[in-house]
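Each chain, letter by letter, is given below.
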Amino acid sequence: MASKLSTCFLCNGWSRSNCRKSNVRFPVPSRRSLPASCKMRQRNLRKQQAKKVPLDQPSTNANIHQNVEESAESESTSTNNISSLNQESISDVNAEPESTSTNSIPSLNQESISEIGAESASIAEATVAVEDISEKDLKSSSSLAETVSLAKSAESTEPLSRVKLEDLIGMIRNAEKNILLLNQARVRALEDLNKILSEKEDLQGEINMLEMRLAETDARIKVAAQDKIHVELLEDQLEKLRNELSQRDVNDHEGVKHGMNENLSDVYNESHVSHGDSIHSINKELISLKKENDSLKNDLKELQSELIKVKKTDERVIMLENDCLSLESALKDMELKLTVSQEDVSKLSSLRLECKNLWEKVENLQELLDNATKQANHAISVLQQNQELRKKVDGLEKSLEEANSYKLASEKMHQYNELMYKKIKLLEERLEQSDEEIQSHVNLYQESVKEFQDTLNSLKEESKRRATDKPVDDMPWEFWSRLLLTVDGWLLEKKLSPADAKLLREMLWKRDVRICEAYASCKDKNELEVISAFLRLTSSRRSPGLHIIHIAAEMAPVAKVGGLGDVVTGLSKALQKKGHLVDIVLPKYDCMDYDRIRDLRALDAVVESYFDGRLFKNKIWIGIVEGLPVYFIEPHHPDKFFWRGQFYGEHDDFKRFSFFSRAALELLLQAGKKPDIIHCHDWQTAFVAPLYWDLYVPKGLNSARICFTCHNFEYQGLAPASELASCGLDVHQYNRPDRLQDNSAHDRVNPIKGAIVFSNIVTTVSPTYAQEVRTAEGGKGLHATLNFHSRKFIGIINGIDTDAWNPVTDVFLKVQYNANDLQGKAENKEALRRHLGLSSTDIRQPLVGCITRLVPQKGVHLIRHAIYRTLELGGQFVLLGSSPVPHIQREFEGIANYFQSNDHIRLILKYDESLSHSIYAASDMFIIPSIFEPCGLTQMIAMRYGSIPIVRKTGGLNDSVFDVDDDTIPPQFQNGFTFVSPNEKGVNGAFERAFNHYRSNSESWEQLVKKVMDIDFSWDSSAAQYEELYEKSVARTRAANHD
């Protein structure tokens, strides 16, 4: 291994100078990192070093032999010499310049130096076993190589002085002496290793012989043991025979016994004597075997201890071999790294050249770019100059045109002046003829001019008076709503007095033309100038309509959950069209559709309202929704009442909406509003009625009548009576049977009941539902209260927004259509089938639609049955909707998965606005099997799109759908199919009649579709009924105040 490594070092020519150039460093094991076996071997070498004999080493220098004879000195002396020699050689080598020439050494020294280099390389490998000498030997070998290279360099260039040459020769001799010492140590270590291996083989042979003898002894012991057992068996048999003989009759067989005894005794004595001799000999042999066995065991133990030592020695040898292998692998790794680094250096040089070329190209490109930029800047400047010149040319052309027009005008003027000059001459002549005649004509002219001016002024005044009396109809409602909100904002911000605000509101109610003129004249003015212009307007005429304020929790389309939002928007728009001033107050939810609010802004005013024993600030926002002015209240309450991500369903809904109700009334009070009607909706704003009469009428908000509409008596907002105190109402005063106390639980309050008791008008959303809720089954505990207040309770059916739900203008439809052109309905049906993946093979196959919330009220079990019944009758069914009830949602998800690959059934378990329009337009029939339905809008929308409703006779469905097979109904009102029983039998009967009618009489069905599409379901008639209720209530109040 050592010779192999030395050859590797010499072949590669690694010297100190080469290593420094390539920056390659080889690891030299330190004293601490050597294994214990190496240290042990070193101690053995030190013990034997005093006795060692110098090895035969070839040399051509007599001084080298002299150094070999001096190698018998102690280790300490040799070690010191080595260290001092290394230091001197290193210092001397460092003092000389480096050189790469190696060809000028004399032949005598070259031969010895090559042998020294080989030995130094082999010793560098062997230093893995000798730790202290290893590092010094490597240094000395490298120093030697450098010294030789320096000597070569010196002889090749110029001769050195004799002193330096003697120093170099001395250094070489010392290095040779150190190398010989190291070689001797290495040879002795190899001899010791061979001796240990031979001793190990001898010991192994002795161990094998002892094991064989031990096996023989064990076999002999086993035979002796078997003989001993056989003797014991014979003794047992003899004892038995003796016992048998002693039991026999002595008298009858005495002679025989005596003879036998003698014989037996003789036999026994003989056998005993012979057997005793054999046992005695066996015992002796056993004792000798035991002794021999003990001695063998002792020898075996000694051999085992020696074997353990040998094994330890083997382990040390293995460790030395492993260290050598690791050094070889490290050397190979370093060679690989060196080759890789050389390749990288070559690549790096090529990359540098490429980089240099690229940099030159970049510089060239940069120069080109700079030139191009300069040219572009120059071009831009030229272009700008051209544009300026073009503008000057255009100006000159316009000036030229004006000059030409002026020239023409001047020519005409000149001609006119000539004519006038001629006339003047004639007049002068006539004037000269008769001054008196001219004077008389002048007087007549002056009188006529005065008369004409008076007439003109009177006509202007008359036209102005007529213009102010006539309302402006060509301005959109958004314009008037925006101005109303602006005036109210000025009032809240203390920029207008209440009297001026009232005056301006009256003008806005009239849609006074002067408002439009003032607004148009103030477009480019600031706010103070606009307010001044509006204050200059004067008119004290009475408003032609009512001032109505809706306080609600929903409004379509910005905050819609159910039908309440549609009612608030539809009714307000219809009343606005009738000339009434309508405001709406809503909570400012964080989840509203803010994109549908126009001109949303916050007022620079804060409204404080009472709650939980203290005042809370509310930020007021205003905006336009569907052309209606809307106030949004944002409470600054730590519980963030309306920043919950949803409209309803919170644990503190009672507190949220009682806070909002009081804040809304506080807004009306601080804004100085004097409404005629305050209309509140459902339990969320039912608190307005008792709060208005108890707290705000005494404060001056006393001009209004309260109208309350309950859209569904299923939801009543029950809460513990103690929570009523938060909004400022006295719990003991209002938790009474004739006020807010719930009819079923006396420790709870019912906001719906309170609104019924304290409102002037109470309505619900259909006449039939108004009758149903006055029964014990339909009233949900409030039937007694409703019957007691029946004189002010009425049902008015809702309408629909015919602008939003219009097949003629619906942008969600593929094809728009009307009652006179039903081809578009067929095309929409085909488009929906393709969109949902339904079969289109049979054009006349009936399609049943259903759009609903999947809650028990809507008859979910009947909807489920209708799906399967439609499939049995050969139709197609499409359901759009979802359920807030988890188990119902899961049930319909299972049905949807079951029919996922069916060509005739589709269930879309979500709400999709665009898809809902398509389903209304595509369906031939529409199923609404509600258990109870206060009003319902889907049946009206379905008929608006030509879909025939199939409904259960309840609530608003009974007031809007009349069976085609009912002879008691006039034919002009028959528009659908109805059933009474809320079960599968009732659904089956209505479905079968509808399918038979559709398939057997297509012409009659088409006439039915046209008839339902022409029915007026707008808010006009419903709004007229509300208008009548409002006016009667206000008239009664005014009459009472007048009296």
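Residue indices begin from 1 for each chain and proceed along its sequence in written order. Per-residue local features are limited, in this predicted model, to residues with pLDDT of at least 70; the limit for side-chain atom pairs, both in listing and counting, is 80 or more; totals at the level of whole chains, interfaces and linings are taken over all residues. Hydrogens are left out, water is left out, and the side-chain values use all remaining heavy atoms of the structure.

(A) Layout of the overall build of the protein chain. By definition, any uninterrupted DSSP run of H or I lasting at least four residues is a helix, any uninterrupted run of E lasting at least two residues is a strand, and each is numbered from the N terminus. In terms of helices and strands, the protein chain carries 30 helices and 17 strands. Each residue's exposure class comes from its accessible area (1.4 Å probe, protein chains only) as a fraction of the maximum for that residue type: buried when under 20%, exposed when over 50%, partly exposed otherwise. Relative to its 1043 residues, the protein chain shows a buried fraction of 42%. When contacts within the protein chain are restricted to residue pairs at least 6 apart in sequence, long-range pairs at least 24 apart make up 75% of them. The accessible surface values rely on the Shrake-Rupley method and a 1.4 Å probe; as for residues, cover is taken only from the protein chains in view. Carbon and sulfur atoms provide 53% of the accessible area of the protein chain, an area that totals close to 57400 Å². Throughout, a contact is declared for two residues whenever any of their heavy atoms are within 4.5 Å.

(B) Representation of the sheet that holds strand β16 (residues 948-952). One requirement defines pairing of two strands: DSSP has to find at least two bridges between them. Across the sheet, 6 strands lie side by side as β14-β13-β12-β15-β16-β17; this open sheet has parallel pairing. The sheet terminates laterally at β14 (905-908) and β17 (977-979), the two strands that pair on one side only. Each neighbouring strand pair of the sheet contributes to a mean axis angle of 15 degrees, computed without reference to strand direction. Interaxial angle, 0 to 180 degrees, is taken between N-to-C directions of lines fitted to C-alpha atoms, where a helix line uses only the stretch in contact. Of the strands in this sheet, β12 (847-851), β15 (925-928), β16 and β17 are in contact with helix α28 (residues 984-1000), which crosses β17 at around 165 degrees.

(C) Fine view of the packing of helix α11 (residues 477-492) against helix α13 (residues 513-521). One can describe the packing of α11 onto α13 by two numbers: an axis separation of 12 Å at closest approach and a directional angle of 75 degrees. Considered as vectors, α11 and α13 are oriented roughly perpendicular to each other. Note on element contacts: α13 touches α11 through Ile515, Cys516 and Tyr519, opposite Phe479, Trp480 and Leu483. The classification used treats Ala, Val, Leu, Ile, Met, Phe, Trp, Tyr, Cys and Pro as nonpolar, Asp, Glu, Lys and Arg as charged, and all other residues, Gly among them, as polar. Residues that form the contact of α11 with α13 fall into these classes: 6 nonpolar, no polar and no charged. Any angle that is under 35 degrees is reported as roughly parallel, and any over 145 degrees as roughly antiparallel; angles of 65 to 115 degrees are reported as roughly perpendicular and all others as oblique.

(D) Broad picture of the environment of Arg774. Relative to the elements of secondary structure, Arg774 occurs in the loop between α20 (767-772) and α21 (783-788). For Arg774, a relative accessible area of 29% gives the class partly exposed. C-alpha separation for the pair Arg774 and Phe788, spaced 14 residues apart in sequence, amounts to 9.8 Å. Not counting the four nearest positions on each side in its chain, Arg774 is found in contact with His783, Leu786, Asn787, Ser790 and Phe793.

(E) Here's a closer look at the packing of helix α16 (residues 653-670) against helix α17 (residues 688-696). Interhelical geometry of α16 versus α17 gives an angle of 50 degrees and a closest axis separation of 10 Å. Regarding the angle of α16 to α17, the classification is oblique. Between α16 and α17 lies a crossing of right-handed hand. Contact with α16, carried on its side by Ser661, Arg662, Leu665, Glu666 and Leu669, involves Val688, Leu691, Tyr692, Leu695 and Tyr696 of α17 and no other residues of that element. Per-class residue counts for the contact of α16 with α17 are 7 nonpolar, 1 polar and 2 charged. The handedness criterion is simple: a crossing whose near helix is rotated anticlockwise from the far helix by less than a right angle is left-handed, and one whose near helix is rotated clockwise is right-handed.

(F) Just the environment of Gly579, in detail. Counting through the fold element by element, Gly579 comes out in the loop between α15 (563-577) and β2 (581-587). For Gly579, a relative accessible area of 18% puts it in the buried group. For the pair Gly579 and His547, spaced 32 residues apart in the sequence, the C-alpha separation amounts to 9.7 Å.

(G) Geometry of the nonpolar core. Here, the term nonpolar core denotes a set of buried Ala, Val, Leu, Ile, Met, Phe, Trp, Tyr and Cys residues that are joined through side-chain atoms within 4.5 Å. Among the nonpolar cores identified, the biggest contains 84 residues, and Ile551, Met555, Val585, Leu665, Ile678 and Phe713 are the most heavily contacted of them. Of the residues forming this core, the biggest block, 9 residues, is contributed by α16. With sequence-adjacent residues up to four places away left out, Met555 is seen in contact with Lys560, Gly565, Val568, Thr569, Ile584, Leu586, Val625, Leu628 and Val630.

(H) Quick peek at a negative patch on the surface. Candidate patch residues must exceed 30% relative accessible area and have no salt bridge, after which like charges are joined if within 9 Å and Val, Leu, Ile, Met, Phe, Trp or Tyr side chains if within 5 Å. Whenever Lys or Arg places a side-chain nitrogen within 4 Å of a carboxyl oxygen from Asp or Glu, that contact is recorded as a salt bridge. Note that His is not counted, nor are the chain ends; the positive residues are Lys and Arg, and the negative ones are Asp and Glu. To locate a charge, take atom NZ for lysine, CZ for arginine, CG for aspartate or CD for glutamate. Together, Glu199, Glu201, Asp202, Glu206, Asp299, Glu302 and Glu306 line one region of the surface with negative charge. Breaking the negative patch down by element, the ones donating at least two residues are α8 (162-247) and α9 (254-433). Per-element accounting of the negative patch gives the leading share, 4 residues, to α8. Turning to its location among the elements, Glu302 is positioned in helix α9.

(I) How the structure looks around the packing of aromatic side chains. When two rings of Phe, Tyr or Trp (its six-membered ring) have centres within 6.5 Å they constitute a pair, described as stacked for plane angles under 30 degrees, edge-to-face for angles over 60, and tilted for the intermediate range. A complete count under the given rule lists 25 aromatic pairs for this structure. Both rings, one in Tyr898 and one in Phe899, keep their centres 4.9 Å apart while their planes meet at 85 degrees; by these two values the pair is edge-to-face. Since its relative accessible area comes to 4%, Phe899 is described here as buried. Three or more aromatic residues joined by ring pairs make a cluster, and in this case those are Tyr589, Phe642, Phe647, Tyr648, Phe657, Phe660 and Trp683. Charge over a ring is defined by NZ of Lys or CZ of Arg lying within 6 Å of the ring centre and within 35 degrees of the ring normal. A cation over a ring is seen here: Lys588 above Trp621, with NZ or CZ 4.6 Å from the ring centre. The ring of Tyr998 has Arg844 lying over it, and the distance from NZ or CZ to the ring centre is 4.2 Å.

(J) Molecular detail of helix α14 (residues 527-535). Among the residues of α14, those classed as buried are Val530, Ile531, Ala533 and Phe534. Angularly, the buried residues of α14 cover 160 degrees about the axis, an arc narrow enough to put them on a single face. In this description, one arc is meant: the one made by directions from the helix axis to the C-beta atoms.

(K) Fine view of the sheet that holds strand β6 (residues 677-681). Judged by pairing direction, the sheet is mixed, and its 9 strands sit side by side in the order β3-β4-β5-β2-β1-β6-β7-β10-β11 without closing on themselves. Each edge of the open sheet is held by one strand with a lone partner, namely β3 (598-611) and β11 (793-795). Taken pair by pair, the neighbouring strands of this sheet meet at an average axis angle of 25 degrees, ignoring direction. In this structure, strand β1 (residues 547-551) lies alongside β6, joined through 4 bridges in parallel fashion. Note on β6: the bridge partner recorded for Ile551 is Cys680.

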